[in-house]
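Residue strings, one per chain:
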Number of protein chains: 2
Amino acid sequence: MLAEFVRDRCAEHVRGVPGAELVAGLLGEYVAGGKYLRSTFAYIGWLCGGAGDSDAALRAAASMELLHAFALLQDDVMDASPMRRGRATAHVRIADWHRARGQAGDAGRFGESAAILLGDLCLVWAEQMLRESGLSAAALGRAWPYYDALRGELAVGQFADLFYDARRRPAMADVLDMTRRKSGNYTVRRPLELGAALAGCDQVVLRALAGYGELVGEAFQLRDDLLGVFGSPAVTGKPDGGDLRERKATSVVVLAGELATPSQRERLDRLCARDRLTEAEIAAWRGLIEETGAVTQIERMIENRATTAWAGLENAAVEGAPLDAFVLTVLRDLAIRATDRVW
Amino acid sequence: MLAEFVRDRCAEHVRGVPGAELVAGLLGEYVAGGKYLRSTFAYIGWLCGGAGDSDAALRAAASMELLHAFALLQDDVMDASPMRRGRATAHVRIADWHRARGQAGDAGRFGESAAILLGDLCLVWAEQMLRESGLSAAALGRAWPYYDALRGELAVGQFADLFYDARRRPAMADVLDMTRRKSGNYTVRRPLELGAALAGCDQVVLRALAGYGELVGEAFQLRDDLLGVFGSPAVTGKPDGGDLRERKATSVVVLAGELATPSQRERLDRLCARDRLTEAEIAAWRGLIEETGAVTQIERMIENRATTAWAGLENAAVEGAPLDAFVLTVLRDLAIRATDRVW
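Residues numbered from 1 in each chain as written. Chains lettered and ligands numbered in written order. Predicted model: local features only at pLDDT ≥ 70, side-chain atom pairs only at ≥ 80, totals over all residues. Heavy atoms only, no water.

### Examining the nonpolar core
Selection rule: What is meant by a nonpolar core is a set of buried Ala, Val, Leu, Ile, Met, Phe, Trp, Tyr and Cys residues, joined one to another through side-chain atoms within 4.5 Å. Only protein chains enter the accessibility calculation, which uses a 1.4 Å probe. A residue is then buried if its area is under 20% of the maximum for its type, exposed if over 50%, and partly exposed in between. In this description, contact between two residues means that some pair of their heavy atoms is separated by no more than 4.5 Å.
In this structure, Tyr212(A), Ile289(A), Tyr212(B) and Ile289(B) are the most contacted members of the largest nonpolar core, which totals 253 residues. Ignoring sequence-local partners within four residues, the contact set of Tyr212(B) consists of Phe41(B), Val188(B), Leu192(B), Ala309(B), Trp310(B), Leu313(B), Leu331(B), Leu334(B) and Ala335(B).

### Re the interface of chain A and chain B
The line we're drawing: When two components associate, each loses some accessible surface as probed by a 1.4 Å sphere; the sum of these losses over both components is called the buried area. Salt bridges, as used here, are contacts in which a Lys or Arg side-chain nitrogen is within 4 Å of a carboxyl oxygen on Asp or Glu.
Across the boundary between the two partners, chain A contributes 50 residues, which contact 50 residues of chain B. When the two sides are added together, the surface that chain A and chain B hide from each other amounts to roughly 4,500 Å², 65% of it contributed by carbon and sulfur. Of all residues in chain A, Leu117(A), Phe159(A) and Phe163(A) give up the largest surface area on contact with chain B, accounting jointly for 16% of the area buried on that side. Across the chain A-chain B interface, the total number found is six salt bridges.

### Regarding the packing of helix 2 (residues 20–32) of chain B against helix 6 (residues 107–131) of chain B
Residues and elements named next belong to chain B. This is how the line gets drawn: Every angle, taken between N-to-C directions, lies between 0 and 180 degrees, and every axis is a line fitted to C-alpha atoms, over only the stretch in contact when it is a helix. Runs of H or I in DSSP of at least four residues are treated as helices and runs of E of at least two as strands, each being numbered from the N terminus. Any angle from 65 to 115 degrees is called roughly perpendicular, while one under 35 is roughly parallel, one over 145 is roughly antiparallel, and all others are oblique. The hand of a helix crossing depends on one turn: near helix anticlockwise from the far one by less than a right angle means left-handed, and clockwise means right-handed. Residues are grouped as follows: Ala, Val, Leu, Ile, Met, Phe, Trp, Tyr, Cys and Pro are nonpolar; Asp, Glu, Lys and Arg are charged; every other residue, Gly included, is polar.
Direction vectors running N to C along helix 2 and helix 6 enclose 55 degrees, while the axes themselves pass 11 Å from each other. For the element pair helix 2 / helix 6, the angle class is oblique. Crossing hand, helix 2 versus helix 6: right-handed. Residue-level contacts link Val23, Leu26 and Leu27 of helix 2 to Leu118, Cys122 and Trp125 of helix 6. Tallied by class, the residues present in the contact of helix 2 with helix 6 amount to six nonpolar, no polar and no charged.

### Regarding empty space enclosed by the protein
Cut-off, in case you're wondering: Buried and open spaces are told apart on a 1 Å grid over the protein atoms alone, a cavity being a set of points where a 1.4 Å probe fits but cannot get out and a pocket being an open set with protein on both sides within 12 Å along at least five of seven lines. Residues with an atom within 4 Å of a point are the lining residues. Grid points are joined across faces, edges and corners, and a volume is the space filled by probe spheres set on the points.
Counted by the stated rule, this structure contains eight cavities of 30 Å³ or more. Empty space within the largest cavity amounts to approximately 140 Å³. Those elements that provide at least two residues to the lining of the largest cavity are helix 4 (55–78) and helix 6 (107–131) of chain A together with helix 4 (55–78) and helix 6 of chain B. For the lining of the largest cavity, the class distribution of residues is six nonpolar, two polar and four charged.

### Some points on the side chain of Thr187(B)
Residue and element names in this part refer to chain B. Stated formally: Polar contacts here mean pairs of N or O atoms no more than 3.5 Å apart (in protein, one a potential hydrogen donor and the other a potential acceptor; neighbouring residues in sequence count only if both atoms are side-chain atoms).
Structurally, the position occupied by Thr187 is in helix 8 (residues 172–198). According to the relative accessible area criterion, Thr187 is buried, its value standing at 0%. Within the structure, the side chain of Thr187 is placed 3.1 Å from the side chain of Arg38, a separation counted as a polar contact. In this structure Thr187 touches Leu37, Arg38, Phe41 and Phe220, once residues within four positions along its chain are discounted.

### Structural notes on the packing of helix 6 of chain B against helix 7 (residues 137–163) of chain B
All names here are of chain B. At a minimum axis separation of 12 Å, helix 6 and helix 7 run at an interaxial angle of 160 degrees. The pairing of helix 6 with helix 7 is recorded here as roughly antiparallel in orientation. Classified by chirality, the crossing of helix 7 by helix 6 is right-handed. Note on element contacts: helix 7 touches helix 6 through Leu140, Trp144, Tyr147 and Arg151, opposite Leu123, Ala126, Glu127, Leu130 and Arg131. Residues belonging to the contact of helix 6 with helix 7 are distributed by class as follows: six nonpolar, no polar and three charged.

### As for the relation of the copies chain A and chain B
Filter applied, for reference: Only residues with pLDDT of at least 70 in both copies contribute their C-alpha atoms to the least-squares superposition of the copies.
Between the two copies, chain A and chain B, the superposition gives an RMSD of 0.0 Å; the rotation angle is 180 degrees and the shift along the axis is 0.0 Å. Taken together, these values place the two copies in the relation of a two-fold axis. A shared interface surface links the copies, since 100% of the contact residues of chain A are contact residues in chain B too.

### Here we look at the environment of Ala126(A)
All names here are of chain A. Looking at the secondary structure, you find Ala126 in helix 6. For the pair Ala126 and Asp177, spaced 51 residues apart in sequence, the C-alpha to C-alpha distance is 26 Å. Every residue in contact with Ala126, bar those within four places of it in the chain, is listed here: Ser63, Leu66, Leu67 and Tyr147.

Next up, the structure:
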């Protein structure tokens with residue numbers, strides 16, 4: 001249904017524009033190529049309401065993937081990321097298309113601007129798809145505050161992400177706060193709440209899901225931060241050691257700085273200040289991060305969060321929150337899958 | 001009410017983020033500093049319904065300025081525009097702030113990314129402000145299709161705008177088509193339709209407003225194209241001859257190419273191919289454009305559109321479209337003001 005929605009929107013808006021086929025193809029890929037985490041959490045949130053399966057709710061949940069496509073398209077431009085899911089990023093491919101046509105002007109800049117605009121379209125279409133999902137006005141009315149919070153946090157979190165640079169050694173507390181705003185809430189908590197609000201769940205359930213979502217979301221992002229340093233390109237679909245190359249101040253990078261001995265810290269700072277990094281330097285940087293104990297500690301933080309999240313949910317169910325066995329099982333599995341060690 | 005809405009949203013989302021005051025200040029300026037054309041047309045559309053003044057409708061109309069702030073913030077990044085309304089553009093000022101704080105990383109790139117994100121926030125908040133305006137769900141339900149069309153056209157039009165480059169000599173017909181999509185519909189027709197749909201106007205009125213809006217919007221953009229080449233910075237708030245510097249394929253630039261004699265065209269092409277333009281070259285380019293007769297013809301096109309637009313509306317009223325005298329007078333004045341020669 002996502003593919004269909006995007007195809008219809010392209011037919012409506014993009015038709016007749018130069019590069020229309022390229023754009024439609026890119027949008028289809030960005031929308032359909034992921035792990036569907038956010039739409040899954042939104043649909044599980046819906047199921048917490050006890051009304052069972054619904055095509056309208058499925059469409060509402062699927063709209064999360066369009067919102068995610070917006071975030072990916074624009075983040076990749078801002079981070080100047082060359083690859084996403086094992087392929088060149090949208091802005092790179094649009095620039096190539098521009099160059100191949102022999103257009104005048106700066107192809108790189110054109111690609112970036114066009115990718116930003118595609119992101120804007122996805123942002124608009126996500127909201128449209130949710131609004132037109134077929135759910136009642138009352139259901140949507142309950143969900144909009146969560147949706148607005150989610151979109152606001154996403155933009156502000158990305159701003160903070162750009163602002164913190166590994167070279168300036170931000171504090172771990174600030175980085176965790178940013179993590180929570182940007183991807184923690186956005187990946188798990190808000191989608192769950194959105195689905196549950198659509199289904200009319202009461203405050204007890206919403207609070208239980210919020211607690212679970214915050215912890216699992218944070219664990220997910222901590223895992224993602226480990227992958228950004230240590231993940232193999234085959235798993236991440238991104239260049240080797242991508243976060244180090246981009247000098248991102250992610251949790252594991254910042255924690256390593258805080259745990260480092262003076263001599264380790266000196267070596268870390270020297271690597272971080274390099275203009276360009278060789279493969280050997282990336283490997284050395286990785287080794288140093290491990291030596292500081294940061295990886296072990298982040299692993300512990302992930303496990304701790306996943307366990308606490310699940311225990312909190314189980315407690316809430318025992319204390320009477322109306323969460324059925326199927327939903328609980330799925331959420332336990334998702335807490336593990338979303339934060340699992342897969343590199 | 002706009003300032004208040006933006007202040008509340010900033011308090012909700014931007015608080016505690018580095019640079020929060022800068023961001024809140026910039027947003028306030030971008031939202032409040034314009035001519036309020038789009039919100040005015042939306043409110044006039046509302047008045048066509050005959051229900052009279054309404055605070056809720058005023059809020060809905062005001063949300064158009066947030067949408068416009070989104071367009072300005074992001075267009076200025078994509079066009080690398082240094083000035084807007086007589087001040088440095090948002091991305092330039094954020095870059096300066098970044099530099100002044102001695103942050104690591106590329107300040108220019110940071111400024112551009114942050115301005116894009118501010119634009120995203122405005123896009124999201126515009127929709128939220130419209131949705132929360134206080135108008136009934138039925139009224140909003142009638143208006144969403146126009147709103148979705150408007151936002152889609154805006155992004156696709158900007159894409160086409162980036163694509164057409166004066167150095168590639170696009171055809172006048174394509175440029176006019178882009179003009180219609182991007183700013184014609186966005187500035188006049190869609191806001192009018194949106195307001196009228198909110199007010200529950202019938203198809204006769206909606207059609208009359210669409211016809212008027214398309215023509216006045218096009219005239220407005222043609223005037224803007226003339227200002228982009230000939231407007232003084234005191235009037236435009238932008239650098240002298242801005243569209244020539246950016247090699248924009250605007251109506252007057254493209255028409256000059258089509259009307260030029262072989263020798264004029266050769267001189268035009270030579271100027272267009274320059275890497276950098278001196279003041280003297282800008283002046284020469286302007287003179288050449290006037291020599292081709294393009295300016296006279298664009299002036300004629302503007303007058304023709306404004307007159308036809310107004311005549312069409314008057315005819316519709318005579319033939320029974322329920323448009324009262326006050327609304328007709330305002331629309332006649334706006335057709336003149338929005339397209340007037342003010343340089």
